[in-house]
Amino acid sequence: MNPKHLQPDVPECSLCADPAVVYQRNAGRHLCGAHFTADVELRVADTIRTRRMIIPQDRVAVALSGGKDSTALLLLLSQLLPAWQDVRLIAITIDEGIIGYREETIQSAERLTRHLGIEHHCISFTDLFGDSLDTVLKGRETQACSICGILRKKALVVGAQQAGATKLATGHNLDDEAQSVLMNVFRGDLPRLVRNSGAGSSGKFIPRIKPLSLISEKEIAMYLMLNDAWNELPECPYTHHALRREVRSMLSGFEYMHPGTMLHLMESKKKIERYCAGSLISAPLHACRECGDPCSGDLCQVCSLLRSLGK
Ligand code: SF4
Ligand code: ZN
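Just so we're clear, the structure is a prediction, and the values are computed from it rather than from any experiment.

Draft legend 1. The arrangement of the overall build of the chain in detail. Helices and strands together make up the secondary structure of the chain, namely 13 helices and 9 strands. Computed over its C-alpha atoms, the radius of gyration of the chain comes to 21 Å, within 12% of the 19 Å expected for a compact globule of 311 residues. For the chain, the C-alpha atoms occupy an extent of roughly 70 × 45 × 45 Å along the three principal directions. Counting the 311 residues in the chain, one finds 43% classified as buried.

Draft legend 2. Local environment of empty space enclosed by the protein. Taken as a whole and assessed by the stated rule, the structure comprises 1 cavity of 30 Å³ or more. Considered as a void within the structure, the largest cavity measures approximately 40 Å³ in volume. When the residues that make up the lining of the largest cavity are grouped by side-chain class, the tally is 4 nonpolar, 4 polar and 1 charged.

Draft legend 3. Quick peek at the pattern of salt bridges. According to the stated counting rule, one finds 18 salt bridges in the structure shown. Note that Lys210 and Glu177 form a salt bridge whose closest N and O atoms lie 3.3 Å from each other. Of this pair, Lys210 sits in the loop between strand E7 (208–209) and helix H10 (217–226) while Glu177 sits in helix H8 (residues 174–186), and the two are 33 residues apart along the sequence. An identical accessibility class is assigned to Lys210 and Glu177; each is buried. The shortest N-O distance in the salt bridge between Glu267 and Lys270 comes to 3.7 Å.

Draft legend 4. Up close: the sheet that holds strand E4 (residues 88–95). Read from one edge to the other, the open sheet built from 5 strands follows the order E5-E4-E3-E6-E7, with strand pairing classed as parallel. Each of the sheet's edge strands pairs with one partner strand only, and the pair in question is strand E5 (119–124) and E7. Relative to strand E6 (residues 167–169), strand E3 (residues 59–63) runs parallel, the two sharing 3 bridges. Paired with Val62 across the two strands is Ala169, which belongs to E6. Packed on one face of the sheet, helix H4 (residues 102–116) meets E4 and E5 and runs near 165 degrees to E4. Seen against the sheet, helix H7 (residues 144–162) touches E3, E4, E5, E6 and E7 and runs at an angle of roughly 140 degrees to E4.

Draft legend 5. Representation of the packing of H7 against helix H13 (residues 301–308) within the structure. Contact geometry for H7 and H13: axes closest at 10 Å, N-to-C directions at 125 degrees. It follows that H7 is oblique to H13 by the angle criterion. Judged by the sense of rotation from one axis to the other, the crossing of H7 with H13 is left-handed. In contact with Ile147, Ile150, Leu151 and Lys154 of H7, H13 contributes Gln301, Val302, Leu305 and Leu306. Of the residues contributing to the contact of H7 with H13, the split by class is 6 nonpolar, 1 polar and 1 charged.

Draft legend 6. Representation of the coordination of the zinc ion (ligand 2) in the model. Protein coordination of the zinc ion (ligand 2) is provided by Cys288 (SG), Cys291 (SG), Cys300 (SG) and Cys303 (SG), with donor distances spanning 2.2 to 2.4 Å. Coordination at the zinc ion (ligand 2) comes from 4 donor atoms whose angles at the metal span 104 to 115 degrees, giving a geometry best classed as tetrahedral. Mapped onto the polypeptide sequence, the residues donating to the zinc ion (ligand 2) form the spacing pattern C-x2-C-x8-C-x2-C.

Draft legend 7. Inspection of the environment of Ala38 at higher detail. Residue placement: Ala38 occurs in helix H2 (residues 33–50). The class for Ala38 is partly exposed, based on a relative accessible area of 39%. In the structure, Ala38 is positioned 185 residues away from Tyr223 in sequence and 9.8 Å away in space, judged by C-alpha atoms.

Draft legend 8. Quick peek at H8. Relative to the 18 Å expected for 13 residues at 1.5 Å per residue, H8 spans 18 Å between its end C-alpha atoms, a close match to the ideal helical length. Counting buried positions over the 13 residues of H8 gives 11, a clear majority of the element. Its side-chain oxygen 2.9 Å from the backbone nitrogen of Asp175, Asn173 forms the N-cap of H8. Positive phi shows up at Gly188, right after H8, with a value of about 70 degrees.

Draft legend 9. Expanded view of a positive patch on the surface. There is a patch of like positive charges on the surface, built from Lys153, Arg187, Arg192, Arg195 and Arg208. Relative to the helices and strands, Arg187 is located in the loop between H8 and helix H9 (190–195).

Draft legend 10. Highlighting the state of the cysteines. The final tally for this structure, using the stated rule, is 0 disulfides. The closest cysteine sulfur to the non-disulfide-bonded Cys16 is located on Cys32, 3.7 Å from its own sulfur.

Draft legend 11. Main features of unusual backbone geometry. Notably, Asp86 is not glycine yet its phi reads approximately 50 degrees, a positive angle. Mapped onto the secondary structure, Asp86 falls in the loop between helix H3 (68–80) and E4. For Asp86, a relative accessible area of 55% gives the class exposed. Of note in the backbone geometry, Asp228 takes a positive phi value of approximately 50 degrees without being a glycine. In this fold, Asp228 is placed in the loop between H10 and helix H11 (242–257).

What counts, and where the lines are drawn
- Residues numbered from 1 in each chain as written.
- Chains lettered and ligands numbered in written order.
- Predicted model: local features only at pLDDT ≥ 70, side-chain atom pairs only at ≥ 80, totals over all residues.
- Heavy atoms only, no water.
- Helix = DSSP H or I, 4+ residues; strand = E, 2+ residues; numbered from the N terminus.
- Rg over C-alpha atoms; globule rule 2.2 N^0.38 Å.
- Buried < 20%, exposed > 50% of the residue type's maximum accessible area, 1.4 Å probe, protein only.
- 1 Å grid on protein atoms, 1.4 Å probe; cavity = no way out; pocket = protein on both sides within 12 Å on 5 of 7 lines; lining within 4 Å.
- Points joined across faces, edges and corners; volume = space filled by probe spheres on them.
- Nonpolar A, V, L, I, M, F, W, Y, C, P; charged D, E, K, R; others polar.
- Salt bridge = Lys/Arg side-chain N within 4 Å of Asp/Glu carboxyl O.
- Pairing = 2+ DSSP bridges.
- Contact = heavy atoms within 4.5 Å.
- Axes fitted to C-alpha atoms, helices over the stretch in contact; angles between N-to-C directions.
- Parallel < 35°, antiparallel > 145°, perpendicular 65-115°, else oblique.
- Left-handed = near helix turned anticlockwise from the far one by under 90°.
- Donors = N, O, S within 2.8 Å, 3.2 Å for Na, K, Ca; no water.
- Tetrahedral: all angles 85-135°; square planar, octahedral: opposite > 155°, others 65-115°.
- Expected span 1.5 Å × (residues − 1).
- Polar contact = N/O pair within 3.5 Å; in protein donor to acceptor, adjacent residues only side chain to side chain.
- Patch = residues over 30% accessible without salt bridge, like charges linked within 9 Å, V, L, I, M, F, W, Y side chains within 5 Å.
- Areas by Shrake-Rupley, 256 points an atom, 1.4 Å probe, with all protein chains shown as cover.
- Lys, Arg positive; Asp, Glu negative; His and termini not counted.
- Charge placed at Lys NZ, Arg CZ, Asp CG, Glu CD.
- Disulfide = S-S within 2.5 Å.

Structure, rendered in structure tokens:
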């Protein structure tokens, strides 16, 4: 019996007769689970191909926190892997040292890589910087996300270099990217908006790629549920980033009222990159005197942070 007779109120998939599980407001169509999954895989493959994110013989390090976005990213990339010539995936997990939060996500990352048969490296803040994030943040809790972000970015680069990676893939989704565009505009920080894209980065860095940048947070959640990979995990106790929280709620409201708002923001970012990147970013003139990374001053962001932390 056709399932739609059992569920008369459920709309039919626009591409087959199965019951729909999502309505894509932009495209104005309903999709069943199989067609939705195929659509997400196709769009990710298309983003990778049109932006030449992965090329033959790449060794792609996937930043795997164990949370929803990075889990979906690794699942999608491993799904697409057979179609690529001589490409290898490696997963890298950073253990910042956040008690009551990180342990569970690391276990989830270990389970996933074991299941997919993917090489997995774990790097801890304690090994790399001498202390856990919990210790570093004592008395500095309000700066948690900015300190964590700077150190995690460095830890990922070190992990990717140690693994011999040629690309570093992160699970940033459309919501994250659109929020970052607005936050940088609100702060008047256009150079950062362009820097985030990787434009103007030095050849010394492993290029960062964001294959999920056109897939929304809701679509990622749905993809995980449909593929039995949904996992309820604890929230980081330092989630105090007020501006991002406000921008997130504002943007969700706009997206609901005006579908396509987040994609339009990404289009605006692309145009800014195309027309203004050269005038917004000047090439770094110095090598950091501590670590040798390119920077505009004497010390790079990581080394000046470590110095201010007394490291
Ligand atoms: Fe780090 Fe902030 Fe994310 Fe917690 S919420 S893991 S402190 S960036
Ligand atoms: Zn440095």
